[in-house]
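Observations on chain architecture
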Amino acid sequence: MKALERSGPGFTGGTFDRADRLRHDKAALAAAAADPRARLLVLGAGYMPEIGDDGRLGWTTLADAPEKAALVLLGLDEEAPRFAAITGEAGGASFRSPALLAALDTMQAGEAATWAAARSVLDWHARHRFCANCGSATAVFRAGWGRRCPTCTTEHFPRTDPVVIMIAEHDGRALLGRQPSWPAGRYSALAGFLEPGEAIEEAVRREVAEEAGVSCGAVRYIASQPWPFPSQLMIACVAEALGDTITLDANELETAGWFTRDEVRAALAGDGPFVAPPRYAIAHTLLRAWVGD
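This paragraph deals with the environment of arginine 142. Position of arginine 142 relative to the elements: it lies in the loop between strand S5 (139–141) and strand S6 (146–148). Exposure remark for arginine 142: the relative accessible area of 19% places this residue in the buried category. Placed 81 residues apart in sequence, arginine 142 and alanine 223 show a C-alpha to C-alpha distance of 30 Å. In this structure arginine 142 touches Asp20, Arg23, His24 and Phe157, once residues within four positions along its chain are discounted.

Now the structure itself:
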């Protein structure tokens, strides 16, 4: 597990002070916005980040914020305020252009964490402009980390949906599957949303049984990752399979199979029987943890 602690899953390792203490302080927020060190995150269409040759995000002054756009206080970078503009643009729940995927591979770890937080909260604003309680238009408050209904006073906050992502192991092999929409040859861990009233371990067992027909016993936690498409918490686990017979759910997977540690290690190195998940995905971290890297 030491390698995990050094590198960490993608979109983790953020260095900003999130400055929750400022979110209800109007005077402090005004001072932060007026601070000459304040900067605005540069984002293009679909929340496309501007990445420099050093792998760092692009920033500009608050003067470049769209007219009348509300701001999200992303946090303090060594006391310097950092903001993102709420434009109302919805990037789509899973919008990932080839250019964006290429950019994710070039971002430094902490920079990716900052971008992921910004993308998730901005997309939440775009998709939650109206009160779920009464239907009225809501207004931004709490430094961009909430919306309040002026009609019924209900307060709404950015949500994160928990997702279990796991491999089942049996006799030194890992169960992996592939979806037809993935790049040719790619295999990855199975995954699924937690359901209400369900523990993490129960969700892991249910998802493996539903997708591959494999029953599992003990479940151990490996790591977690914020996933900004649009906003999930990926919870990576390894489950002990009670058998190795696969009964595939064709609605979920195109195929699935068992792979040895040597095969998985070779795939992670780019020379195996399948294409491994990208480095910024926690499935990559999970596979590396499983093979002992």
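Still to come is the rest of the account.
Time to look at the packing of helix H6 (residues 261–268) against helix H7 (residues 282–291). At their nearest, the axes of H6 and H7 sit 10 Å apart, and the two run at 135 degrees to each other. Viewed along their axes, H6 and H7 adopt a mutual orientation that is oblique. The handedness of the crossing between H6 and H7 is left-handed. Judged by residue contacts, Arg261, Val264, Arg265 and Leu268 of H6 engage His284, Leu287, Arg288, Trp290 and Val291 from H7.

Per-residue confidence for the protein chain gives a mean pLDDT of 94; residues scoring 70 or more make up 96%. In this model, residues 1–6 is a region of pLDDT below 50 whose contacts with residues beyond four sequence positions or in other chains number seven contacts.

Counting buried positions over the seven residues of strand S4 (residues 80–86) gives seven, a clear majority of the element. Burial along S4 is two-sided: the face carrying Ala80, Arg82, Ala84 and Ile86 and the face carrying Pro81, Phe83 and Ala85 are both buried. Where strand S1 (residues 39–41) meets S4, two bridges bridge the pair, whose relative direction is parallel. Each bridged residue has a counterpart across the sheet, and for arginine 39 the counterpart in S4 is arginine 82. Inspection of the sheet shows strand S3 (residues 70–77) paired to S4 by seven bridges, in the antiparallel sense. The residue bridging aspartate 77 from the neighbouring strand is alanine 80, located in S4. Remark: two residues form the turn of the hairpin made by S3 and S4, two consecutive strands paired antiparallel; glutamate 78 in that turn has positive phi of roughly 50 degrees.

In the structure shown here, the tally under the stated rule is 18 salt bridges. The partner of aspartate 35 in a salt bridge is arginine 37, with the nearest N and O atoms 2.9 Å apart. Residue aspartate 35 is classed as buried on the basis of its relative accessible area, which comes to 16%. Taking the relative accessible area as the measure of exposure, arginine 37 reaches 43% and is therefore partly exposed. Glutamate 169 is the salt-bridge partner of arginine 261, the closest N and O atoms lying 3.8 Å from each other.

This part takes up the sheet that holds S3. The four strands lie next to each other as S2-S1-S4-S3, forming an open sheet whose pairing is mixed. Both outer strands of the open sheet, strand S2 (59–60) and S3, are each paired with one neighbouring strand and no more.

Between two aromatic rings, the relevant description is the distance of the centres plus the angle of the planes. Summed over the entire model, instances satisfying the criterion amount to 12 aromatic pairs. Ring centres 6.0 Å apart and planes at 55 degrees place the aromatic pair phenylalanine 141 and phenylalanine 157 in the tilted group. Pair noted here: phenylalanine 141 is in strand S5 and phenylalanine 157 is in the loop between strand S7 (155–156) and strand S8 (161–170), with a separation of 16 residues, a long-range link. In this structure an aromatic cluster arises from ring pairing among Phe11, Trp115, Trp227, Phe229 and Tyr280. Taking the ring centre of tryptophan 59 as reference, the NZ or CZ of arginine 82 above it sits at 5.4 Å. Seen from the ring of phenylalanine 141, arginine 148 lies directly overhead, with NZ or CZ sitting 3.9 Å from the centre.

The rules behind the values
Within each chain, residue numbers correspond to sequence positions counted from 1 in written order. For this predicted model, a pLDDT threshold of at least 70 governs which residues receive local features, and a threshold of 80 or more governs which side-chain atom pairs are given and counted, while totals over whole chains, interfaces and linings are taken from all residues. Remark: hydrogens and water are excluded; side-chain values derive from all non-hydrogen atoms of the structure. Strands are runs of DSSP state E lasting at least 2 residues, helices are runs of H or I lasting at least 4, and numbering of each runs from the N terminus. Each residue gets one of three labels from its accessible area relative to the maximum for its type: buried under 20%, exposed over 50%, partly exposed in between, using a 1.4 Å probe on protein chains only. Working rule for contacts: check all heavy atoms of both residues, and any pair within 4.5 Å makes them a contact. Note on geometry: axes are lines fitted to C-alpha atoms, helical ones only across the stretch in contact, with angles between N-to-C directions running from 0 to 180 degrees. Here the angle decides the label: under 35 degrees means roughly parallel, over 145 means roughly antiparallel, 65 to 115 means roughly perpendicular, and every other value means oblique. Note: crossing handedness is left-handed where the near helix turns anticlockwise from the far helix by less than a right angle, and right-handed where it turns clockwise. Predictor confidence is given residue by residue as pLDDT, running from a minimum of 0 to a maximum of 100. Strands qualify as paired when DSSP identifies two bridges or more between them. Here, a salt bridge means any Lys or Arg side-chain nitrogen found within 4 Å of an Asp or Glu carboxyl oxygen. Aromatic pairs are defined between Phe, Tyr and Trp rings, using the six-membered ring for Trp, whenever the two ring centres lie within 6.5 Å; interplanar angles under 30 degrees are classed as stacked, those over 60 as edge-to-face, and all others as tilted. Only Lys NZ and Arg CZ are tested; either one counts as a charge over a ring when it is within 6 Å of the ring centre and within 35 degrees of the ring normal.

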